[in-house]
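Here is what each chain is made of, one letter per residue.
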Amino acid sequence: MLAATTRRAAFAAVRHGGCWQRPTRALSNFHPLGSHIDTAENNTETYFDFTEENYERVNRVLAKYPSNYKQSGIIPLLDLAQRQNGGWLPLAAMDKVAKIVGVTPMAVYEVATFYTMFNREKVGKYFIQLCGTTPCMVCGSEEIKKVIEEHVGMKEGETSADGMFTLREVECLGSCANAPMIQMNDDYYECLTKETTIQLLEACKKGTPPSMGKWGSLPMNGQVSCEGPLGKTTLDTTPPAPKMRSDIKGDVDPASVKAHMGY
Ligand code: FES
């Protein structure tokens, strides 16, 4: 086990721009590529452990890999830790994962700093990732960003004062046909306009974000999926269903796919 100060120094030496260097405070305290800076809620004294229920999930994840390749479980265990911890990963959670899979803490820090889906600083209850890539941009993502910033009272990269929302601009989320769109926590809200974005934010403030549509995302303009204004023009009859794997019983409804997630 590394001493606390060594561990902090190792963490600070994350990789930036293709060369190893100690990042400076000039990097955003929020940005996933920023270095760790101790805060009251995330420092070397912070405690983290999995719940009993999640230890069962940990065991199920690790059972998928040979016992000498437990490190293959780093990503699913980080994801599990992040979900348990309200959407972000303190140092203590990364250290716990390192201990469970039997690698150095640095090996886990390398993974957590590489993949931007891991948040290493606290995020709001509703973590909004706004796609700003070209198709979304030409369809109005800049306006959507402005609406969110003004309606919630925060800038991109910030968390609202009441801890409800965090806004981060990201690259393509793979839903370009329904641009502009955001991902909020696990869910996609698409075909946004200024008005529907405000409706969505207001629903979240009341704790009742609209549930996902038939295909596991929600186009906010009444579409069912990614059909255009003329409706279905290509697949206008139902294609034959693909053969199901014999170990999967029954259909999985895309709208409730999270309930079927493996671990
Ligand atoms: S460009 Fe926004 S989802 Fe692809």
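Note: the structure precedes this text.
Residues numbered from 1 in each chain as written. Predicted model: local features only at pLDDT ≥ 70, side-chain atom pairs only at ≥ 80, totals over all residues. Heavy atoms only, no water.

## Here we look at the pattern of salt bridges
Which entries qualify depends on this criterion: Salt bridge, as used here, is a side-chain nitrogen of Lys or Arg placed within 4 Å of a carboxyl oxygen of Asp or Glu. Starting at the N terminus, helices and strands are each numbered in turn, a helix being any DSSP run of H or I of at least four residues and a strand any DSSP run of E of at least two. Residue burial is assigned from relative accessible area. The probe radius is 1.4 Å, only protein chains are included, and a residue is buried under 20% of its type maximum, exposed over 50%, and partly exposed in between.
Under the defined criterion, the tally for this structure stands at eight salt bridges. Between Lys 96 and Asp 49 there is a salt bridge whose closest N-O contact spans 3.7 Å. In this pair, Lys 96 is assigned in helix H4 (residues 91–101) and Asp 49 in the loop between strand E2 (19–20) and helix H2 (52–62), connecting sequence segments 47 residues apart. Note that Arg 83 is salt-bridged to Asp 79, the shortest N-O span being 3.0 Å. With Arg 83 and Asp 79 both in helix H3 (residues 74–84) and four residues apart, the pair spans about one turn of that helix. When its relative accessible area of 39% is taken as the criterion, Arg 83 is described as partly exposed.

## Remarks on the packing of helix H7 (residues 141–152) against helix H8 (residues 194–205)
Under the convention used in this document: Under this scheme, a helix contributes an axis fitted over its contacting stretch, all axes are lines through C-alpha atoms, and angles between N-to-C directions fall in the 0 to 180 degree range. Crossings are classed by handedness, with left-handed meaning an anticlockwise turn of the near helix from the far one by less than a right angle and right-handed meaning a clockwise turn. The contact rule is simple, with two residues in contact once any of their heavy atoms fall within 4.5 Å. Gly counts as polar in this scheme, as do all residues outside two lists: the nonpolar Ala, Val, Leu, Ile, Met, Phe, Trp, Tyr, Cys and Pro, and the charged Asp, Glu, Lys and Arg.
At a closest axis distance of 10 Å, the pairing of H7 and H8 adopts a crossing angle of 35°. Along this stretch, H7 crosses H8, giving a crossing that reads as right-handed. Here H7 contributes Glu 143, Ile 144, Val 147, Ile 148, His 151 and Val 152 to the contact with H8, which in turn contributes Lys 194, Thr 197, Ile 198, Leu 201, Glu 202 and Lys 205. For the contact of H7 with H8, a count of residues per class yields six nonpolar, two polar and four charged.

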